[in-house]
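Coordinates in review
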Amino acid sequence: MRHLHISTDGITKLPNLPTKRIPELEINIAQCTKCDLAETRNLTVPGDGNYNADIMLIGEAPGSNEDKTGRPFAGRAGSLLDELLMTSGIERSDVYITNMVKCRPPSNRDPQLVEISACQPYLDLQISLVNPSVIVTLGRFSFAKFFPQITLRKSRGIVKDWRGIKILPVYHPAAALYNPNLKPKLIEDFQKITTIFAKKVNTDLSNIQTRPNIQLNLFE
């Protein structure tokens, strides 16, 4: 399992939380009062999906539907996200989905820095526990967590390496609801997930093919 370390640039750090499993972490999140969002939420929205997923999707913050259900991407943007995954041959149940912020900001406003900072230890531990091969960042806030000096506009759809994980930055699905012209770009970007794994499989096979003599020598 990868271990995230304290970073002086504030990108990420591994929190010292007493849990080694995501269900326990979700209980911690449900009891969180670290910021003012705890006073206005109905339900916390820790995350949803496969705890051992190769693919992790990180959005921005829960909306009204998520606040009522406790499930990320439960509204119209969630329906579009499901469609985008399907066009790439991926089931929602095969990925893990979460947000930068675990509680709904009032009136669906953008999450504030103090709220993102309060939730950062939870997200960092989720990344460490799920241990994905690919993280799809949905929108500018989640992309900025990994590459704060680069704009999403310039990096959308370009796969980047971050501490052994492939980062695929894409527009937030909600953006395509307001601007339908973005939907083809989202479909194009999501289909790159398949390409990422195809390259990974080819690399793994190449590594296996270069090791048979070494393996045989173990038994000589």
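Computed from a predicted model, the values in this text were never measured in an experiment. (Residues numbered from 1 in each chain as written. Predicted model: local features only at pLDDT ≥ 70, side-chain atom pairs only at ≥ 80, totals over all residues. Heavy atoms only, no water.)

**Things to note about the nonpolar core**
If you look at the biggest cluster of nonpolar residues, it comprises 54 residues, and the most contacted ones within it are L57, V136 and F190. Of the residues forming this core, the biggest block, nine residues, is contributed by helix 4 (residues 113-130). Excluding residues within four positions of it along the chain, F190 makes contact with L57, L81, L84, L85, S88, V136, L138 and V170. (Core = buried A, V, L, I, M, F, W, Y, C linked by side-chain atoms within 4.5 Å. Buried < 20%, exposed > 50% of the residue type's maximum accessible area, 1.4 Å probe, protein only. Helix = DSSP H or I, 4+ residues; strand = E, 2+ residues; numbered from the N terminus. Contact = heavy atoms within 4.5 Å.)

**Considering the confidence of the model for the protein**
Per-residue confidence for the protein averages 86 on the pLDDT scale, and 81% of its residues sit at or above 70. Every residue in residues 1-15 scores below 50 in pLDDT, and together they form 42 contacts with partners more than four places removed in sequence or on other chains. Scored below 50 in pLDDT, residues 212-220 makes zero contacts in the model with residues more than four places away or belonging to other chains. (pLDDT = per-residue confidence, 0-100.)

**Thoughts on helix 8 (residues 183-190)**
Along helix 8, the residues classified as buried are L186, D189 and F190. Looking down the long axis of helix 8, one finds its buried residues gathered within 95° of arc, a one-sided arrangement. (Arc of directions from axis to C-beta.)

**Quick notes on empty space enclosed by the protein**
Enumeration according to the criterion identifies one cavity of 30 Å³ or more in this entry. Of the volumes computed, that of the largest cavity is approximately 70 Å³. When residues in the lining of the largest cavity are grouped by element, the largest group, three residues, is from helix 4. In terms of residue class, the lining of the largest cavity is built from eight nonpolar, two polar and three charged. (1 Å grid on protein atoms, 1.4 Å probe; cavity = no way out; pocket = protein on both sides within 12 Å on 5 of 7 lines; lining within 4 Å. Points joined across faces, edges and corners; volume = space filled by probe spheres on them. Nonpolar A, V, L, I, M, F, W, Y, C, P; charged D, E, K, R; others polar.)

**Observations regarding the layout of surface pockets**
Quantified by volume, the largest pocket comes out at close to 900 Å³. For the largest pocket, the lining is made up of 33 residues, of which E60, H172, A174, A175 and Y178 are closest to its centre. Those elements that provide at least two residues to the lining of the largest pocket are helix 2 (64-69), helix 3 (76-87), helix 5 (140-146), helix 6 (152-155) and helix 7 (173-178). Here the residues of the lining of the largest pocket sort into 16 nonpolar, ten polar and seven charged.

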